[in-house]
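This is what each chain is made of:
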Amino acid sequence: MKDTTVDKTACAAFGCPCAATASNGGSTWLCTYHFGTEATSWQRITLELRRLEWLILVCRGIRVCYGTEKWENASRKMDHDIRMHQRTDLLFSPEKDGNPQAWLRRLESVIANAAAGARQPQLATVA
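Presented here is an overview of the structure given in this document.

What about the side chain of Asp97?
1) Next: Of note, Asp97 is situated in the loop between helix H3 (71–84) and helix H4 (100–117).
2) Next: Look at Asp97 and you get buried, because its relative accessible area is 9%.

Take a look at the structure:
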């Protein structure tokens, strides 16, 4: 494989939908959710991020479109996507969030909590 075919902005965890944001000190760059975790957890974290990819895209839309002429259309699409995934608890709320930046932080905490829960394998319990 040629080096030019590797997306150097993507997380090094195979299949991760997130951008690489931090280096482990070498040539490997990881997203926020994979950084600092054991490689044995990467697949579980990636599966959880794939499950929440729609929410990752909502967060990306807020970052890219807020404060631009695209915001009105983008926010309608984000609202639609959240409703389609039956997560109306994640809709923007002026009372709860105050502004889109606070809403973004709330949505990102949902993703971070889900990824953190995927770090450790589920252990079987003996009854």
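Structure's up, so let's keep going.
Examining the environment of Arg87
1) Next: Here Arg87 lies in the loop between H3 and H4.
2) Next: A relative accessible area of 27% places Arg87 in the partly exposed class.
3) Next: Separated by 32 residues in the primary sequence, Arg87 and Leu55 place their C-alpha atoms 10.0 Å from one another.
4) Next: Apart from the residues lying within four places of it in its own chain, the contact partners of Arg87 are Trp54 and Ile82.
5) Next: A distance of 2.8 Å separates a polar atom in the side chain of Arg87 from a polar atom in the side chain of Asp89.

Some thoughts on the packing of helix H2 (residues 53–65) against H3
1) Next: Packing of H2 against H3 leaves a shortest axis separation of 10 Å and a crossing angle of 165°. Taken together, the axes of H2 and H3 lie roughly antiparallel to each other. Once H2 is placed against H3, the crossing between them reads as left-handed. Residue-level contacts link Trp54, Val58, Gly61, Ile62 and Cys65 of H2 to Trp71, Ala74, Met78, Asp81 and Ile82 of H3.
2) Next: Of the residues belonging to the contact of H2 with H3, the class tally is eight nonpolar, one polar and one charged.

Thoughts on the state of the cysteines
Each disulfide consists of one covalent bond between the sulfur atoms belonging to two cysteines.
1) Next: On inspection of all chains with the given rule, the structure shows zero disulfides.
2) Next: Between Cys11, a cysteine without a disulfide, and Cys31, which holds the nearest cysteine sulfur, the sulfur-to-sulfur distance is 3.8 Å.

So, the pattern of salt bridges
1) Next: Inspection of every chain in the model, using the stated rule, returns eight salt bridges.
2) Next: Between Glu48 and Arg51 there is a salt bridge, with the nearest N and O atoms lying 2.5 Å from each other. Of the two residues, Glu48 and Arg51 are both situated in helix H1 (residues 42–51); the distance of three residues between them amounts to about one turn of the helix.

Overview of the layout of surface pockets
1) Next: There is about 200 Å³ of room inside the largest pocket.
2) Next: Here the lining of the largest pocket takes four residues from H2, the largest share from any one element.
3) Next: Residues that form the lining of the largest pocket fall into these classes: seven nonpolar, two polar and two charged.

Criteria and thresholds
- Residues numbered from 1 in each chain as written.
- Predicted model: local features only at pLDDT ≥ 70, side-chain atom pairs only at ≥ 80, totals over all residues.
- Heavy atoms only, no water.
- Helix = DSSP H or I, 4+ residues; strand = E, 2+ residues; numbered from the N terminus.
- Buried < 20%, exposed > 50% of the residue type's maximum accessible area, 1.4 Å probe, protein only.
- Contact = heavy atoms within 4.5 Å.
- Polar contact = N/O pair within 3.5 Å; in protein donor to acceptor, adjacent residues only side chain to side chain.
- Axes fitted to C-alpha atoms, helices over the stretch in contact; angles between N-to-C directions.
- Parallel < 35°, antiparallel > 145°, perpendicular 65-115°, else oblique.
- Left-handed = near helix turned anticlockwise from the far one by under 90°.
- Nonpolar A, V, L, I, M, F, W, Y, C, P; charged D, E, K, R; others polar.
- Disulfide = S-S within 2.5 Å.
- Salt bridge = Lys/Arg side-chain N within 4 Å of Asp/Glu carboxyl O.
- 1 Å grid on protein atoms, 1.4 Å probe; cavity = no way out; pocket = protein on both sides within 12 Å on 5 of 7 lines; lining within 4 Å.
- Points joined across faces, edges and corners; volume = space filled by probe spheres on them.

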